[in-house]
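Read off the chains here:
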Amino acid sequence: MKIAVAQLNLMVGALSQNAEKILQAAQSAVAAGAQMMLTSELSICGYPPEDLLLRPKFIGDCLTASARLAEQLPPELYVVLGLPTRSEQGLRNSLRVYHGGRIVAEYHKRELPNYAVFDEKRYFTSANAACVFECAGVKCGLLICEDMWLPTAAGASKAAGAELLLVANGSPYHTEQQSARRAQAGARVRETGLPLVYANCVGGQDELVFDGDSFALNAKGVE
């Protein structure tokens, strides 16, 4: 299976522009022979959306923009898209997998960071269910950013049958962050014996700088 990582400069609140960038990346992914494309955390709305998440209309607009994008995506490509979703349990930081214009899988973030620049417990409700879907004969488990920094979510994906971990991230830069990411990714690979693909965004949002630095590790932890 060939996986494209959409490492994009996405703008908070710019739903149409973000959708267009994701669509262009998907078209390029298909042209390069990819079967799947992984985007970053909350890719449709940009990260971090902060108090925009308190506006019900904004959540509705994110869902509408995601559905419209799904209709335009190349039908043969599996696309992992980040977006906020709402259920009876509350607002979720989610990933949806689109294929052929349909939602084929949905995952909600388990670990919500609430330290340093992160304030996710203010907005989101955590979940505890693994999500595994199949693409090109490979069973893929989904994680979102902080999920990778603790063993629980990766272990749950392994127990649910995952053969590969896909991690969507909104991870800002500091001087030791790149080595810290690889250390945590390597720990999850060693614990589960599964390869891992890490997709981050790039660009700036207020005082935060997103450095991209997307990567993949094989089952031995080698990049």
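Scroll up for the structure.
What comes next is a walk through the structure. From a predicted model like this one, the values you see are computed outputs, not experimental measurements.

Rules used in this analysis
Residues numbered from 1 in each chain as written. Predicted model: local features only at pLDDT ≥ 70, side-chain atom pairs only at ≥ 80, totals over all residues. Heavy atoms only, no water. Helix = DSSP H or I, 4+ residues; strand = E, 2+ residues; numbered from the N terminus. Rg over C-alpha atoms; globule rule 2.2 N^0.38 Å. Buried < 20%, exposed > 50% of the residue type's maximum accessible area, 1.4 Å probe, protein only. Patch = residues over 30% accessible without salt bridge, like charges linked within 9 Å, V, L, I, M, F, W, Y side chains within 5 Å. Areas by Shrake-Rupley, 256 points an atom, 1.4 Å probe, with all protein chains shown as cover. Salt bridge = Lys/Arg side-chain N within 4 Å of Asp/Glu carboxyl O. Lys, Arg positive; Asp, Glu negative; His and termini not counted. Charge placed at Lys NZ, Arg CZ, Asp CG, Glu CD. Arc of directions from axis to C-beta. Contact = heavy atoms within 4.5 Å. Pairing = 2+ DSSP bridges. Axes fitted to C-alpha atoms, helices over the stretch in contact; angles between N-to-C directions. Phe/Tyr/Trp six-rings, centres within 6.5 Å; stacked < 30°, edge-to-face > 60°.

1. Thoughts on the overall build of the protein chain
Scanning the protein chain from N- to C-terminus turns up four helices and 12 strands. Relative to the 2.2 N^0.38 estimate, which gives 17 Å for 223 residues, the radius of gyration of the protein chain is 16 Å and therefore close to what a compact globule would have. For the protein chain, the C-alpha atoms occupy an extent of roughly 45 × 40 × 35 Å along the three principal directions. By residue count, 53% of the 223 residues in the protein chain fall in the buried class.

2. Some details on a negative patch on the surface
Taken together, the side chains of E50, D119, D206 and E207 present a region of like negative charge at the surface. You can see E207 is positioned in the loop between β10 (202-205) and β11 (208-211).

3. With respect to helix α3 (residues 151-159)
Buried within α3 we find A153, A154 and S157. On an axial view of α3, the arc spanned by its buried residues comes to 95°, and they lie on one face. For α3, the elements touching its buried residues are β5 (102-108), β6 (132-135), β7 (138-144), β8 (164-168) and α4 (177-192).

4. Points about the pairing of β6
Going residue by residue along β6, you find F133 and C135 tucked away on one face and V132 and E134 left uncovered on the opposite face. Strand direction decides the pairing type here: β6 and β7, joined by four bridges, are antiparallel. What sits directly across from C135, in β7, is V138. In sequence, β6 turns back onto β7 through a hairpin of two residues, with A136 there showing a positive phi of about 50°.

5. Quick look at the sheet that holds β8
Taking strand neighbours across the sheet as the criterion, the five strands line up as β6-β7-β8-β9-β12 in an open arrangement whose pairing is mixed. One side of each edge strand has no neighbouring strand; the edge strands of this open sheet are β6 and β12 (215-217). The average undirected angle you get between the axes of adjacent strands in this sheet is 25°. Where strand β9 (residues 196-199) lies against β12, three bridges are found, and the strand directions are antiparallel. Across the sheet, the residue bridging to V197 is A216, located in β12. Lying over the sheet, α3 contacts β6, β7 and β8, oriented at roughly 160° with respect to β7.

6. Here's the deal with the sheet that holds strand β1 (residues 3-5)
With respect to topology, five strands assemble into an open sheet ordered β1-β2-β3-β4-β5, the strand pairing being mixed. Bordering the open sheet on either side are β1 and β5, each of which pairs with just one other strand. Recorded for the sheet is a direction-independent mean angle of 35° between the axes of neighbouring strands. In this structure, strand β3 (residues 78-87) lies alongside strand β4 (residues 90-99), joined through nine bridges in antiparallel fashion. By the bridge assignment, G82 is partnered in β4 with L95. Packed on one face of the sheet, helix α2 (residues 56-72) meets β3 and β4 and runs near 155° to β3.

7. Some words on the packing of aromatic side chains
For the structure shown, the criterion picks out four aromatic pairs. Where Y78 meets F133, the ring centres are 6.3 Å apart and the plane angle is 25°; that geometry is what we call stacked. You can see Y78 sitting in strand β3 and its partner F133 sitting in strand β6, a full 55 residues away along the chain. According to the relative accessible area criterion, Y78 is buried, its value standing at 17%. Taking the centre distance of 4.6 Å and the plane angle of 10° together, the rings of Y198 and F215 count as stacked.

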